[in-house]
Amino acid sequence: MAEYQVIARRFRPQKFGDVIGQDAIITTLKNALASRRIAHAYLFTGSRGTGKTTLARILAKALNCTDLSADFEPCGGCSSCKEIAAGSSMEVLEIDGASHRGIDDIRQINETVGYSVSGGGYKIYIIDEVHMLTKEAFNALLKTLEEPPEKVKFFFATTEPHKVLPTILSRCQRFNLHRISSANIVAKLKSIADKLAITIEDRALLMIADRAEGGLRDAESLLDQIFSFHGNEITCETVASVLGIMTKDCLFEFDKAAKEGRPAFAFDLVHQVFSEGKDLFHFIEMLTEHYRNILLLKISETDAPYLSFPENEMARYKISAEYYTQEQCLQFLDYLTEAQSKIRSAPSVRIYLENILLTIIRSMKKIPIELLVRRLAALEQSIGRSTGEVKITPAIAPVIAPPPVPEKKIEIKENPPLSITVDPSPSSADLSFAAKPKVQIKQSAPAKTPLDEPVKIRQKSHIIEIEENKLKNQSHYDTIFQFAAIELKGKLEKMHIKRL
Ligand SMILES: [Zn+2]
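Criteria and cut-off values
Residues numbered from 1 in each chain as written. Predicted model: local features only at pLDDT ≥ 70, side-chain atom pairs only at ≥ 80, totals over all residues. Helix = DSSP H or I, 4+ residues; strand = E, 2+ residues; numbered from the N terminus. Buried ≥ 20, exposed ≤ 12 C-beta atoms within 10 Å, placed from the backbone. Contact = placed C-beta atoms within 7 Å. Core = buried A, V, L, I, M, F, W, Y, C linked by C-beta atoms within 7 Å. Pairing = 2+ DSSP bridges. Right-handed = clockwise from strand over helix to strand, strands pointing away. Axes fitted to C-alpha atoms, helices over the stretch in contact; angles between N-to-C directions. Parallel < 35°, antiparallel > 145°, perpendicular 65-115°, else oblique. Left-handed = near helix turned anticlockwise from the far one by under 90°. Nonpolar A, V, L, I, M, F, W, Y, C, P; charged D, E, K, R; others polar. pLDDT = per-residue confidence, 0-100.

A. Structural detail: the overall build of the chain. Along its length, the chain carries 20 helices and 11 strands. Of all 500 residues assigned to the chain, the portion counted as buried reaches 30%. Across the chain, every contact between residues at least 6 apart in sequence was considered, and the portion connecting residues at least 24 apart equals 74%.

This is the structure:
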């Protein structure tokens with residue numbers, strides 16, 4: 001029986017066309033091959049699993065291939081291509097910088113560098129993790145890099161280019177490899193699954209891709225792990241259990257609970273996370289990512305450019321997006337990012353997590369401060385207009401237009417009682433403040449005012465209305481409106497003084 005080869009090795013790209021997510025670099029390399037202007041040294045940088053050594057190997061193959069295709073792809077069939085693919089080539093030497101980091105290792109390279117290749121091809125040194133070399137090793141390497149023999153090339157790969165000596169960096173042509181998008185990783189995993197006859201749900205592939213954070217090799221290793229433990233039928237639940245994470249179902253349930261104002265669900269959810277032994281920190285990351293997705297969807301509306309969900313998941317996100325305002329999403333994101341750094345030092349992670357979820361559910365009942373400010377501005381404007389103090393041009397009117405149709409009225413009880421009488425008719429500038437409430441503050445008319453006509457307000461009284469279906473606790477709003485009323489009173493008093 002043939003030895004099992006891990007997916008990452010088995011499906012390693014053998015030509016430029018197989019490499020995903022690095023199109024610009026591949027175009028540049030092919031152009032260099034076309035013009036035969038190959039630099040002495042190349043540095044491939046990027047996070048792990050993005051294809052640095054893979055690209056270095058393919059370039060090495062292309063340089064020594066005896067049957068290069070018209071679009072500069074190595075043939076894969078000539079002896080040079082085969083030897084490089086098998087790692088047995090005498091011309092292309094791969095050195096692991098992490099385990100060969102000393103000056104003696106580099107001296108060995110320097111000693112062999114002069115021997116030319118028998119077939120007339122290039123002698124290529126691929127040094128992986130080159131940042132691990134010692135300073136002395138770098139200096140020894142520098143001598144060779146300054147005046148490399150003809151037909152000798154150095155390809156370096158590193159995840160940490162800042163640790164490479166600047167004198168080395170300046171002698172290399174540098175390529176920064178991008179993280180690979182989740183969509184690209186999903187597509188690649190899907191093609192691998194097809195070839196291996198694995199049935200795997202789209203959402204499960206996305207969970208793997210998300211966990212790999214732009215590293216294809218990590219994603220392939222995860223698929224390997226799941227495949228070897230769970231066979232040919234892979235569901236979201238399988239992936240979630242292997243990764244020790246929750247499926248997104250619980251997040252959508254949470255959205256619903258937040259909308260319906262069911263704080264008890266916070267405890268249920270945390271209990272579920274704990275009892276199933278899931279990764280708590282990852283759960284908070286998931287929740288943060290969830291609100292980020294909702295916010296992105298709300299901001300970009302129809303075309304959310306960075307969101308790549310399977311269709312059914314996108315539909316669920318669209319429903320959840322209806323539950324929140326942009327301000328709420330931003331507020332939750334602030335809160336959750338702060339929580340991510342604090343939770344590790346919390347005395348009880350469980351209680352901390354419950355508190356986070358409860359706070360989110362409870363904040364759904366709060367009126368966003370932006371909305372209050374807009375309403376106050378609208379109120380001030382309408383009073384200003386009615387006394388002839390503020391002139392509004394139609395262009396400004398939409399900005400101060402009141403928020404969506406109110407559903408429920410709240411009466412403001414003042415303590416101490418405050419009464420404001422506003423007589424908007426031009427003849428009367430009389431504003432009086434009595435000891436008992438006579439008039440309520442109302443703001444509803446401007447919505448009906450046609451924008452193309454001069455604004456006319458003939459209101460004797462104003463009442464502030466709040467859109468809240470299930471407002472149970474009024475104390476919070478009372479406080480805010482008391483402030484608003486006091487501010488308003490001050491303003492009116494000022495106007496009164498002016499008129500006197
Ligand atoms: Zn070839």
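B. Seen up close, the nonpolar core. Formed by 40 residues in total, the largest nonpolar core has its most connected members in F44, L59, A60, I126, F155 and F156. Looking at this core, the elements that each hand over two or more residues are α2 (23-35), β1 (41-45), α3 (52-64), α4 (79-86), β2 (92-96), β3 (123-128), α6 (135-146) and β4 (152-158). Tallying contributions element by element places α3 first for this core, with 7 residues. Other than its neighbours up to four places away in sequence, F155 contacts Y42, F44, A56, L59, A60, I124 and I126.

C. Quick look at unusual backbone geometry. Despite not being glycine, R36 has its phi angle at roughly 60°, a positive value. Among the secondary structure elements, R36 is positioned in the loop between α2 and β1. Located in the positive-phi region is E129, a residue other than glycine, with phi close to 50°. Along the chain, the position of E129 falls in the loop between β3 and α6.

D. The pairing of β2, seen in detail. Pairing geometry for β2 and β3, over 5 bridges, is parallel. By the bridge assignment for β3, D96 is matched with D128. Since β2 and β3 lie parallel, the crossover through helix α5 (residues 103-112) that links them has a hand, and here it is right-handed.

E. A look at the pairing of β1. Counting buried residues in β1 gives 5 out of 5 residues, a clear majority hidden from the surface. Residue alternation in β1 divides its side chains into two sets, A41, L43 and T45 and Y42 and F44, and both sets are buried. When β1 meets β4, the two strands line up parallel, connected through 5 bridges. For F44, the partnering residue across the bridge sits in β4 and is A157. With 4 bridges connecting them, β1 and strand β5 (residues 173-176) associate as parallel partners. The residue of β5 that forms the bridge with F44 is F175.

F. Quick peek at the packing of helix α14 (residues 280-300) against helix α16 (residues 326-342). As a packed pair, α14 and α16 sit with axes 9 Å apart at the nearest point and diverge in direction by 155°. Here α14 is positioned roughly antiparallel relative to α16, judged by the angle of their axes. Where α14 crosses over α16, the two elements pack in a sense that is left-handed. The residues of α16 that touch α14, namely those facing I284, E285, L287, T288, Y291, R292, I294, L295, K298 and I299, are Q326, C329, L330, F332, L333, L336, T337, A339 and Q340. When the residues that make up the contact of α14 with α16 are grouped by side-chain class, the tally is 12 nonpolar, 4 polar and 3 charged.

G. Representation of the environment of A193 in the model. The topology assignment puts A193 in helix α8 (residues 182-195). Along the backbone, A193 and L223 are 30 residues apart, and their C-alpha atoms lie at a distance of 8.8 Å. If we ignore the near neighbours within four places in the chain, the residues touching A193 are I198 and I200.

H. Layout of the sheet that holds β4. The strand order across the open sheet formed by 5 strands is β2-β3-β4-β1-β5, and the pairing between neighbours is parallel. Edge strands, defined here as strands with exactly one partner in the open sheet, are β2 and β5. Along the sheet, successive strands turn relative to each other by an average axial angle of 15°, direction set aside. α3 rests against β1, β2, β3 and β4 of the sheet, and its axis sits at about 180° to β3.

I. Spotlight on the confidence of the model for the chain. When pLDDT is averaged along the chain, the result is 81, and 77% of the positions lie at 70 or above. Mean pLDDT across the secondary structure elements of the chain bottoms out at strand β11 (residues 465-466), with 44, and peaks at β1, with 96. This model gives residues 390-401 a pLDDT under 50, and the stretch forms 16 contacts once residues within four places in sequence are excluded.

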